[in-house]
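This is what each chain is made of:
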Amino acid sequence: VSSFSFGMPLTGEGEIDEERLRGLGLPGWRPIAGEAAVTLADGRPGLARYWIMPRPGFRRQDRRRLVRIEVGLLRGNSTPAQVEELAAPALFALYDGEDGRALLSPWPERPPLPARLRGAHALSAEIDTPSGTARAFVRPVPAALVAGGAGGAGGAGAPATAAASGAWEVIYLPGESPLAAVERAANWAVGLLLALACAAPVAALLALPRSAFRNLLRRTVRSYSRRLLIVYTALLLLPLLALNALLVRSVELDSLRRQETAGQAALAAAERLLDEQIRAEPVGYAFDPGTFDPKLTGISELVRRPVNLYGRSKLSASSEHELFTAGLLPTRLPGPVYSSLALRARNLYSLTNRVAEVEYLELYAPLRLAGDDPAAEPPLFVSLPLLAQQEEGERQVTHLRRHAILVTAALFALLAAVGTRLAQNFTRPITQLVEGTRRIAAGARSLDLAPSELELAALVAAVDDMARRIAEGREGLLREKQVVERVVQNIASGVVSLDRERRVLMHNRVAAELLGVAVGQSLERLVARSPRLEPVAAFLRSAGGEMARATVRLGGTAAGEHEWSLVWVPLPGQGEPFALLVVEDVTEELRGQRLLAWAAMARMIAHEIKNPLTPIRLSAEHMREVYQRDPEHFAGVFERCTANILTQVEELRSIASEFSTYSAIPRIDPRPGDLTAAVAGLVEGYRAAPPRGVRVELETPSGPIEARFDAKLLLRAVRNLIENALRASAGGGRVVVRVERDAGATAASGAAGPSARIAVLDSGPGVPPELLARIFDPYFSTHDAGTGLGLPIARRIAEEHGGEIAARNRPEGGLEAVITIPCEPAAATVEPDAAPAGSATAAG
């Protein structure tokens, strides 16, 4: 059915060409022949006959696969010197034993074996070859093997002795230039780095816990220098890759164009040579394309490509018939080729074929002989397959791509190093600023930096100025702290600072003496251990988030009872300390204050009592004198003096009663009641019999004002206000008593909610502004007839009711005194105030 050869000469009938085989001059190499039964694709039985020529390194026991034989056939390099089994780039050569003539050579030049390698001991040496320096390993083939020709492996296992009539087998290992070695190492390094770069994230994800990997990724993304480096790397890598791909693709297309151009030139050369061969034939020569095989072989060697000749549309001659016998090339012109060249009269057609997943280009052209009609169908067609040339171009492109990758990697590494340096230079000032600020936080007065950049220099100057001010402020705070600590340590009061759990953070000497505290102790637990300090423990339990003060009395000591002043001061903010406790032993101070108060009261009582005693003494002396000198008129004098004495005694009783009331106001007994009705009942007596020339008026809301109050004490306070108003309005005036609601809060209690106001307004001269703030002080009076206790008593009564008392000068003249007390919760319903229920005027 077909026959083909891979590097062995065949006849036209598919047999081994013994004559051509002997012309190869292969000593001791004989073909192995055999037959094998086969089944054709259509099921018919067949017979396969084969001849195998052993190559160097061949063994019969080898079961090596023949991989892509068809590609080797198309390459046209199936010569015995191309040893597929040898590791690239090893080359095999065979030389004649007498003159060193090349029997098989890997180079077209076929250089002879140097004489220095044909010695008995020269088995290895460095020599120059057409492809460069190479190390040659030489083995002699014995003459007996060459002459006898035992089939097999070309002298394998023969003794290493030279023979004059034998042959030499040589293996060449081409040397590697430094640049090629660097390139090969760089290729491995780039591949290894790419593999590590791809494997590093996966390895980190597998090796690290998921949270640690996320933290690493978060730190990488949030780091400014790393983000800058990543962006810079991406901006470098993407253009480099795009430029690399563009350049490689451009070179690849240029290589394909050059290959096609070279193929077209070879095709034109083959056409000219064929035309010359045909013209050289004698006149009357009957053209037989089959006789052109040897001539096509010569033309193929000249153009270095396989040449095929088609007559009409059928193959007539070829320089490599094995391509057709192996079924790699069609024996008839493909339809598109014939249609384009024969029917459409085109001069060239290119066709892309595929063999064993390898694409290659074929060029077809018509061959017109002398005397042919240009309009007629051409009788001959020439084709050239360009697989070998295309693979050479692909190897060049691959080599170029490898070089481009290396250059790109080197350029990227250089730019990445420069980018890293720039990123470090950019972030180094920030890092130095951070370190400098940490030194400032530790107490330094400057950053100790002197950058050359104007912006950074301005920033450093600003930070240094800030650091200087901070240092000065810190020194000032330290001095103030030392002063405060020294003051706290030496004051007469005990000071304790506490945290949120009320543990002692700091205390002074007096606090340690009074409470026995130590740093770190719980103050509440400490004072709870001593029964004597139970009042202090109770105060601490009641103290909270607001300032509080109290005076507690401690007993149980040999020295008697002590009185302590306690002040709880919460500190704002979330830090420490949380609060301060100030403790002071005020026993002696209170005792001294009491003594001073009793002394002042004794002087006032003596002063107040002395005034009535003088008229009493004078009246008694006058009665005695009249009784002795004029007994007849004694009765009248007695009556007048007795009346005067009784008046002064009554004054003494009033003074004693007021002093007794101020010194010990009875405990109030508040009860629900109508404040409006209570005040109206009090004012009604003054309205019925007012002093001469004074009008008394009452103004109340339309409804009752419910409140809890002690009617006896509260009305006493209101009576004191009315008495003062009547005294100030004597001689013609008007006194108004007004009861009303107030939606605000009392200043004394601080409790929000409705309250009631009892205002007493007079039309007198008022109080001088500089004395207005003192009218509620004990023993202070603006007129000679008073004791100075009426208004202080009213003030104490108002405060006992949870309210307050205030006074102001009226713009139109006179004084307004107001008592404010809280209302009942039920009385919070605000009713509209009406006009005064009525105004009563009493004429004097």
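The present account deals with the structure reproduced in this document.

Reading the values: rules and limits
- Residues numbered from 1 in each chain as written.
- Predicted model: local features only at pLDDT ≥ 70, side-chain atom pairs only at ≥ 80, totals over all residues.
- Heavy atoms only, no water.
- Helix = DSSP H or I, 4+ residues; strand = E, 2+ residues; numbered from the N terminus.
- Buried < 20%, exposed > 50% of the residue type's maximum accessible area, 1.4 Å probe, protein only.
- Contact = heavy atoms within 4.5 Å.
- Salt bridge = Lys/Arg side-chain N within 4 Å of Asp/Glu carboxyl O.
- Phe/Tyr/Trp six-rings, centres within 6.5 Å; stacked < 30°, edge-to-face > 60°.
- Pairing = 2+ DSSP bridges.
- Axes fitted to C-alpha atoms, helices over the stretch in contact; angles between N-to-C directions.
- Parallel < 35°, antiparallel > 145°, perpendicular 65-115°, else oblique.
- Left-handed = near helix turned anticlockwise from the far one by under 90°.
- Nonpolar A, V, L, I, M, F, W, Y, C, P; charged D, E, K, R; others polar.
- Core = buried A, V, L, I, M, F, W, Y, C linked by side-chain atoms within 4.5 Å.

## Considerations on the environment of Pro306
Here's step 1: Tracing the backbone through its elements, the reader meets Pro306 in the loop between helix H7 (293-303) and strand S8 (308-311).
Here's step 2: Classification of Pro306 as buried rests on a relative accessible area of 8%.
Here's step 3: Counting along the chain gives 78 residues from Pro306 to Leu384, while the straight-line C-alpha distance between them is 5.9 Å.
Here's step 4: Apart from residues no more than four positions distant in its own chain, Pro306 is found in contact with Ser300, Ser319, Glu320, Leu323, Ser383, Leu384 and Pro385.

## Description of the pattern of salt bridges
Here's step 1: Inspection of every chain in the model, using the stated rule, returns 28 salt bridges.
Here's step 2: When the shortest N-O distance is used, the salt bridge between Asp465 and Arg468 registers 2.4 Å. Of this pair, Asp465 and Arg468 both sit in helix H11 (residues 454-490), separated by 3 residues, roughly a single helical turn.
Here's step 3: Here Arg810 makes a salt bridge to Glu812, at a shortest N to O gap of 2.5 Å.
Here's step 4: Classification of Arg810 as buried rests on a relative accessible area of 16%.
Here's step 5: Owing to a relative accessible area of 56%, Glu812 belongs among the exposed residues under this scheme.
Here's step 6: When salt bridges with common partners are traced through the structure, they connect Asp465, Arg468, Arg469 and Glu472 into a single cluster.

## A word on the packing of aromatic side chains
Here's step 1: Under the defined criterion, the tally for this structure stands at 5 aromatic pairs.
Here's step 2: For the pair Trp107 and Tyr172, a centre-to-centre distance of 5.0 Å together with 65° between the ring planes defines the contact as edge-to-face. Here Trp107, found in the loop between strand S4 (102-104) and strand S5 (124-129), pairs with Tyr172, found in strand S7 (residues 167-174); they are 65 residues apart in sequence, far enough to count as distant.
Here's step 3: Its relative accessible area of 9% is what places Trp107 among the buried residues.
Here's step 4: Taking 5.6 Å as the distance between ring centres and 35° as the angle between the ring planes, the aromatic pair formed by Phe634 and Phe638 counts as tilted. Of this pair, Phe634 and Phe638 both sit in helix H16 (residues 634-663), 4 residues apart, roughly one helical turn.
Here's step 5: Relative accessible area serves as the criterion here: at 38%, Phe638 is assigned to the partly exposed category.
Here's step 6: An aromatic cluster is present here, built from Tyr627, Phe634 and Phe638 joined pairwise through their rings.

## Some details on the sheet that holds strand S24 (residues 815-822)
The strands making up a sheet are joined through hydrogen bonds of the backbone, oriented either antiparallel or parallel.
Here's step 1: Strands sit in the order S19-S21-S22-S24-S23 across an open sheet of 5 strands; the sheet is mixed. In this open sheet, the two edge strands, each paired with only one partner strand, are strand S19 (694-699) and strand S23 (804-809). Mean inter-strand twist for the sheet, computed between neighbouring axes without regard to direction, equals 15°.
Here's step 2: Strand direction decides the pairing type here: S19 and strand S21 (residues 733-742), joined by 6 bridges, are parallel. Each bridged residue has a counterpart across the sheet, and for Val694 the counterpart in S21 is Gly733.
Here's step 3: Against the sheet, helix H17 (residues 675-688) contacts S19, S21, strand S22 (755-761) and S24, and its axis sits at roughly 165° relative to S19.
Here's step 4: Each of S19, S21, S22, S23 and S24 is contacted by helix H18 (residues 711-728), which is oriented at about 170° to S24, the strand it contacts most.

## Considering the packing of H17 against H18
Here's step 1: Closest axis-to-axis distance for the H17/H18 pair is 11 Å, and the angle between their directions is 40°. Regarding the angle of H17 to H18, the classification is oblique. Considering the relative orientation of H17 and H18, their crossing is right-handed. Touching Leu675, Ala678, Val679, Leu682, Val683 and Tyr686 of H17 are Leu714, Leu715, Val718, Arg719, Ile722, Glu723 and Leu726, all from H18.
Here's step 2: Residue classes in the contact of H17 with H18 are distributed as 11 nonpolar, no polar and 2 charged.

## Overview of the nonpolar core
General note: in soluble globular proteins, nonpolar side chains tend to be found buried as a group.
Here's step 1: Counting 42 residues, the largest nonpolar core has Leu675, Val679, Ile722 and Ile819 as its most contacted members.
Here's step 2: Of all the secondary-structure elements, those providing two or more residues to this core are H17, S19, strand S20 (706-709), H18, S21, S22, helix H19 (790-800) and S24.
Here's step 3: Considering every element that reaches this core, the biggest residue donor is H18, with 9 residues.
Here's step 4: The contact partners of Ile722, leaving out residues within four places of it in the chain, are Leu682, Val683, Tyr686, Val737 and Val760.
Here's step 5: Formed by 25 residues, the second largest nonpolar core is a distinct cluster that contains Val496, Val536, Val552 and Val583.

Honestly, it's all geometry; don't read function into it.
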